[in-house]
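Structural overview for review
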Amino acid sequence: MNLWKRLMCYSRRHSPWLFHMNSGSCNGCDIELVASISPRYDAEQLGACLQGSPRHADILCISGPVTRNSLQAIKTVYAQVCEPKAVVALGSCPASTNVFIDSRTIEGPLNKHIPVDVFVPGCPPRPDAILQGVAKAAAILAERRAKKSAAQEEQA
Amino acid sequence: MNLTNALARLLLFPGLLFAVPAAWFFLWTERKAVALMQQRVGPPFMQPFFDFIKLMGKTVPRRSGRAGLLMKALPLIALASSAGAVGLLPVLPASGGFAGDLILLLALLEVPSMCMIAAGFASRSIFGEIGSAREAVMSVSYNVVFLLAIVSIAASQHSFRLETLAQLPSSPLRWLGVLAILVCLPAKLHLNPFSVPNAEQEIYAGPFTEYAGHELAMWDLAHGLEWVASTGLVATLLAPHVQIWWLSAGSFVVISFAVVLLLSVVATWTARLNIDSTVRFYWRCTLVFAVLATSFALLLRLRS
């Protein structure tokens with residue numbers, strides 16, 4: 001791997017920009033995500049910051065059990081995030097639909113509709129667990145791209 | 001100013017070779033200062049550099065037609081004009097310059113703001129358009145004060161040459177002018193309490209909502225260079241006039257850094273005002289400084 005690619009991997013690992021999306025969550029996970037950027041947990045030490053626009057983001061953080069109303073919005077926002085991207089599912093709802101299982105208004109779990117890279121279980125998960133999930137997603141982001149480019153080089 | 005001198009100033013010092021690392025350093029200083037005041041540790045030292053490299057490696061959505069072309073060109077124009085503005089600053093003693101370079105500097109400082117307005121409308125995003133409209137309204141408000149302050153200092157010296165202004169003796173007029181410029185800098189750099197155009201979360205990312213990848217990286221770098229140019233303008237007016245080059249360059253860097261810290265403190269202390277209050281603040285409260293400075297300059301001119 002040449003120097004530029006190594007620098008790119010390192011930068012991707014140290015600069016995860018997040019976009020938060022609620023797909024019908026009870027707000028518990030959303031509060032914990034906001035807590036993780038507060039002075040006590042300080043996600044900025046990892047280079048992470050919440051972005052206003054999905055176009056700027058690298059990691060899509062989705063909370064909630066995916067309601068029927070929010071499904072199309074999730075697909076649109078997922079498409080708006082530019083490559084390379086990763087998805088972190090916050091809480092038990094996007095992983096298993098949690099207590100909303102078998103509800104006729106729920107389209108979850110999330111990985112039925114978009115690829116999910118990291119699940120952070122909990123109802124709600126603790127802010128340090130969310131930070132660990134974000135750090136893992138950033139590492140996946142860097143490694144995935146590196147593997148892709150290595151595979152392309154081999155093919156060439 | 002001959003060609004070699006001009007190129008050295010644009011590319012080496014205070015141009016790109018100095019200004020790009022300085023831009024990242026100032027962006028980091030602002031974020032770190034805000035973090036420390038909020039009792040956080042804050043981002044690592046190389047954070048703005050990592051952000052830039054990462055953005056350069058991201059894909060950009062395909063856009064066709066004139067809007068796509070504009071969205072590619074505008075960040076580059078903003079970047080080039082900010083770099084040009086930094087290159088014009090008379091940091092080193094006897095660094096050359098030409099009659100009227102102050103006018104060029106003011107024009108170049110204004111170009112990124114105009115590009116930002118055009119960028120929001122070119123992106124066709126409703127949030128971009130709101131941000132651009134806010135930036136347009138705000139730039140009309142703060143520029144009156146900003147330009148009057150600088151023009152009054154220039155008029156008192158009978159010169160539009162930056163080097164003459166840099167050698168200005170300490171006077172109440174100079175301090176009044178610098179104060180008026182300092183009041184305008186948070187609006188020029190979109191900092192709290194005047195972070196109205198790119199109001200984070202409120203209107204997504206304002207004019208930059210639709211920008212991604214290397215285009216966004218160019219906007220970030222242009223913004224960093226704007227920091228260097230605007231704080232450098234204050235440093236030029238305040239730095240003591242010495243003939244030793246390293247002392248001159250050192251005082252420029254130290255004063256610029258102090259201005260960055262001051263702006264960061266103000267940004268942390270305050271919350272975002274709405275657009276009406278911002279416009280009212282500039283037209284009602286700060287215009288007094290500018291009018292005072294201009295009248296003072298005119299009086300000085302009549303007496304001399």
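Bear in mind that the values here come from a model prediction, so they are computed numbers and not experimental data. (Residues numbered from 1 in each chain as written. Chains lettered and ligands numbered in written order. Predicted model: local features only at pLDDT ≥ 70, side-chain atom pairs only at ≥ 80, totals over all residues. Heavy atoms only, no water.)

Below, the discussion takes up the overall build of chain A. Across its full length, chain A carries five helices and five strands. Starting at the N terminus and ending at the C terminus, chain A contains elements arranged as α-β-α-β-β-α-β-α-β-α. A compact globule built from 156 residues should have a C-alpha radius of gyration of about 15 Å, and chain A, at 16 Å, falls within 12% of that. Judged by the C-alpha coordinates and their principal axes, chain A covers about 50 × 40 × 25 Å. The buried share of chain A, taken over its 156 residues, is 50%. Only carbon and sulfur atoms are counted for the fraction: they give 54% of the accessible area of chain A, which is about 7500 Å². (Helix = DSSP H or I, 4+ residues; strand = E, 2+ residues; numbered from the N terminus. Rg over C-alpha atoms; globule rule 2.2 N^0.38 Å. Buried < 20%, exposed > 50% of the residue type's maximum accessible area, 1.4 Å probe, protein only. Areas by Shrake-Rupley, 256 points an atom, 1.4 Å probe, with all protein chains shown as cover.)

Here we come to the pairing of strand S3 (residues 59–63) of chain A. Residues and elements named next belong to chain A. By the criterion of burial, S3 is predominantly enclosed, with five of the five residues buried. Here S3 shows no split at all, with Ile-59, Cys-61 and Ser-63 on one side and Leu-60 and Ile-62 on the other all buried. Of the strand pairs in this sheet, strand S1 (residues 17–22) and S3 are connected by five bridges, and their pairing is parallel. Within S3, the residue paired with Asn-22 across the bridge is Ser-63. Judged from the five bridges that link them, S3 and strand S4 (residues 86–90) form a sheet pairing that is parallel. Looking at S4, one finds that Ile-62 is bridged to Ala-89. On the question of chirality, the crossover connecting S3 to the parallel S4 by way of helix H3 (residues 68–80) is right-handed. (Pairing = 2+ DSSP bridges. Right-handed = clockwise from strand over helix to strand, strands pointing away.)

Spatial ordering of the open sheet is given by S2-S1-S3-S4-S5 (chain A), a layout of five strands whose pairing is parallel. Each edge of the sheet is formed by a strand with only one pairing partner; in this case those strands are strand S2 (49–50) and strand S5 (118–120) of chain A.

Let us look at helix H11 (residues 275–303) of chain B. Residue and element names in this part refer to chain B. Counted at 1.5 Å a residue, the expected span for H11 with its 29 residues is 42 Å, and the 41 Å between its end C-alpha atoms agrees. Maximal helix bending in H11 amounts to about 50 degrees, located at Leu-287. For H11, the full list of buried residues reads Thr-278, Val-279, Tyr-282, Thr-286, Leu-287, Ala-290, Ala-293 and Ala-297. For H11, the secondary structure elements touched by its buried residues are helix H6 (126–156) and helix H8 (172–188). (Expected span 1.5 Å × (residues − 1). Bend = angle between axes of the 7 residues up to and from the residue. Contact = heavy atoms within 4.5 Å.)

Another point: the interface of chain B and chain A. Tallying the contact residues gives 31 residues for chain B and 27 residues for chain A. Both sides of the chain B and chain A interface together cover about 2500 Å² of buried area, and 57% of this is carbon and sulfur. Of all residues in chain B, the largest losses of buried area upon contact with chain A belong to Phe50(B), Lys54(B) and Lys58(B), amounting jointly to 25% of the total for that side. Summed over the shared surface of chain B and chain A, the result is six salt bridges. Taking the shortest distance from any N to any O, the salt bridge between Glu44(A) and Arg40(B) comes out at 2.6 Å. Here chain B is connected to chain A by 19 residue pairs in polar contact (both at pLDDT 80 or more). Residue assignment for the side of chain B that touches chain A shows that the elements contributing at least two residues are helix H2 (16–37), helix H3 (47–56) and helix H9 (213–238) of chain B. Looking at the side of chain B that touches chain A, the element that brings in the most residues is H3(B), giving eight residues. By residue class, the composition of the side of chain B that touches chain A is 16 nonpolar, eight polar and seven charged. (Buried area = accessible area lost by both parts, 1.4 Å probe. Salt bridge = Lys/Arg side-chain N within 4 Å of Asp/Glu carboxyl O. Polar contact = N/O pair within 3.5 Å; in protein donor to acceptor, adjacent residues only side chain to side chain. Nonpolar A, V, L, I, M, F, W, Y, C, P; charged D, E, K, R; others polar.)

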